[in-house]
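The primary structure of each chain is shown beneath.
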Amino acid sequence: MEGGGGGTLSEIYQSAKKLLMRAQDGIERLERLENSTSSGGLDSPEISFAVKKDISQVLSLCADMDRLWRSVQAKPQRDLWRRKVELIAEEAGSLKESLDRYFARNQRRMKEAQERAELLGRANGDSSHVLRIFDEEAQAMQSVHNSKRMLADSLSTGAAILSKYSEQRERLKRAQRKALDVLNTVGLSNAVLRLIERRNRFDRWIKYFGMLITLVVLYFLMR
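The protein chain is annotated in an unreviewed UniProt entry as Membrin from Salix purpurea. What the UniProt record of the protein chain gives under Subcellular location (unreviewed entry) is the line "Golgi apparatus membrane". Check the Sequence similarities (unreviewed entry) section of the UniProt entry for the protein chain; it says "Belongs to the GOSR2 family."

Have a look at this one:
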């Protein structure tokens, strides 16, 4: 079963799948560029044009496949191909919507940057204001990224410290119980036992103070 381009239904389907995968990769690259602090969310016309072209080709292939699957004689195979073609068309439509949203966001960013530049330099209309705005936004995004990373590192360090305190507390409890058992066995005086209990309370306060210091440090880092 061949289409207008000379390929079989299966060959056209495989070509459409490859184009979809390439378009999906292009969309992901555009989104990474959009979120990249180094590029400031600038557009990449080469990538966006290639993605748009791939999606258009997939939709064209879907039209060919739509004609071909209707000519399949066996109903089970015909139903199977109909569903495959529908899935390809749905994926292509979804990628097209993602690309359209990307274009809309990029156009909105450029418009906002242009409006801000006009407010900053209506007298000379120097386009360098636009580049400066993008640079400031990129620096702000980099600062936010660094703050998030520092906060994540601080939280990880705090969690590790608290975990160590918990382990030390359990070891101290076990050591205390063993010591009390030994002391009770040999029959030491109550004065010695009270001395050990006071030392244990003192160690507990040291532990609480350390935890408090850790929480204060984490709070100021989050600020």
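From this point, the narrative continues.
Draft legend 1. The packing of helix α1 (residues 9-35) against helix α2 (residues 45-69), seen in detail. Interhelical geometry of α1 versus α2 gives an angle of 155 degrees and a closest axis separation of 9 Å. By the angle between their directions, the pair α1 and α2 is classed as roughly antiparallel. The way α1 lies across α2 gives a crossing that is left-handed. Residues belonging to the contact of α1 with α2 are distributed by class as follows: 18 nonpolar, four polar and four charged.

Draft legend 2. The nonpolar core, seen in detail. Within the largest apolar cluster, 26 residues are counted, with the highest numbers of intra-cluster contacts made by Leu 9, Val 51, Val 58, Met 65, Ile 88 and Leu 99. When neighbours within four sequence positions are excluded, Leu 99 is seen to be in contact with Ile 27, Leu 30, Ser 48, Val 51, Lys 52 and Ile 55.

Draft legend 3. Inspection of a positive patch on the surface at higher detail. On the surface, Lys 164, Arg 171, Lys 173, Arg 174, Arg 177, Lys 178, Arg 194, Arg 198, Arg 201 and Arg 204 cluster together into a patch of positive charge. For the positive patch, the secondary structure elements donating two or more residues are α4 (128-186) and α5 (190-222). If one sorts the elements of the positive patch by residue count, α4 sits on top with six residues. Looking at the secondary structure, you find Arg 204 in helix α5.

Draft legend 4. Region of the structure containing the packing of α1 against helix α3 (residues 75-120). Two numbers describe how α1 lies on α3: the axes approach to 10 Å, and their chain directions differ by 25 degrees. It follows that α1 is roughly parallel to α3 by the angle criterion. The handedness of the crossing between α1 and α3 comes out as left-handed. Counted together, Leu 9, Ser 10, Tyr 13, Ala 16, Lys 17, Leu 20, Ala 23, Gln 24, Ile 27, Leu 30 and Glu 34 of α1 and Trp 81, Lys 84, Ile 88, Glu 91, Ala 92, Leu 95, Ser 98, Leu 99, Tyr 102, Arg 105 and Arg 109 of α3 form the full contact between these two elements. When the residues that make up the contact of α1 with α3 are grouped by side-chain class, the tally is 13 nonpolar, three polar and six charged.

Draft legend 5. Here's a closer look at the UniProt feature "transmembrane region" (unreviewed entry) in the protein chain. With numbering aligned to this structure, UniProt lists the feature "transmembrane region" (unreviewed entry) at residues 205-222. Helix makes up 100% of residues 205-222 and strand 0%. Its end C-alpha atoms lie 26 Å apart.

Draft legend 6. Geometry of the environment of Leu 20. Note on placement: Leu 20 falls in helix α1. Sequence separation of Leu 20 and Ala 92 is 72 residues, and the distance between their C-alpha atoms is 6.8 Å. If we ignore the near neighbours within four places in the chain, the residues touching Leu 20 are Val 58, Ile 88, Glu 91, Ala 92 and Leu 95.

Draft legend 7. Main features of the packing of aromatic side chains. Applying the stated criterion across every chain, the model contains three aromatic pairs. Considering the side-chain rings of Tyr 13 and Trp 81, the 5.6 Å spacing of their centres and the 80 degrees angle between planes classify their relative orientation as edge-to-face. In this pair, Tyr 13 is assigned in helix α1 and Trp 81 in helix α3, connecting sequence segments 68 residues apart. For Trp 81, a relative accessible area of 13% corresponds to the buried category. Arranged with centres 5.9 Å apart and planes meeting at 55 degrees, the rings of Tyr 102 and Phe 103 form a pair that is tilted. Overall, Phe 103 belongs to the partly exposed group, its relative accessible area being 28%. One residue, Lys 84, lies across the ring of Tyr 13, its end atom 5.3 Å from the ring centre. The ring centre of Trp 81 lies 4.7 Å from the NZ or CZ of Lys 84, which sits over that ring.

What counts and how
- Residues numbered from 1 in each chain as written.
- Predicted model: local features only at pLDDT ≥ 70, side-chain atom pairs only at ≥ 80, totals over all residues.
- Heavy atoms only, no water.
- UniProt positions renumbered as here; feature names shortened; annotations may be inferred.
- Axes fitted to C-alpha atoms, helices over the stretch in contact; angles between N-to-C directions.
- Helix = DSSP H or I, 4+ residues; strand = E, 2+ residues; numbered from the N terminus.
- Parallel < 35°, antiparallel > 145°, perpendicular 65-115°, else oblique.
- Left-handed = near helix turned anticlockwise from the far one by under 90°.
- Nonpolar A, V, L, I, M, F, W, Y, C, P; charged D, E, K, R; others polar.
- Core = buried A, V, L, I, M, F, W, Y, C linked by side-chain atoms within 4.5 Å.
- Buried < 20%, exposed > 50% of the residue type's maximum accessible area, 1.4 Å probe, protein only.
- Contact = heavy atoms within 4.5 Å.
- Patch = residues over 30% accessible without salt bridge, like charges linked within 9 Å, V, L, I, M, F, W, Y side chains within 5 Å.
- Areas by Shrake-Rupley, 256 points an atom, 1.4 Å probe, with all protein chains shown as cover.
- Salt bridge = Lys/Arg side-chain N within 4 Å of Asp/Glu carboxyl O.
- Lys, Arg positive; Asp, Glu negative; His and termini not counted.
- Charge placed at Lys NZ, Arg CZ, Asp CG, Glu CD.
- Phe/Tyr/Trp six-rings, centres within 6.5 Å; stacked < 30°, edge-to-face > 60°.
- Lys NZ or Arg CZ within 6 Å of the ring centre and 35° of its normal.

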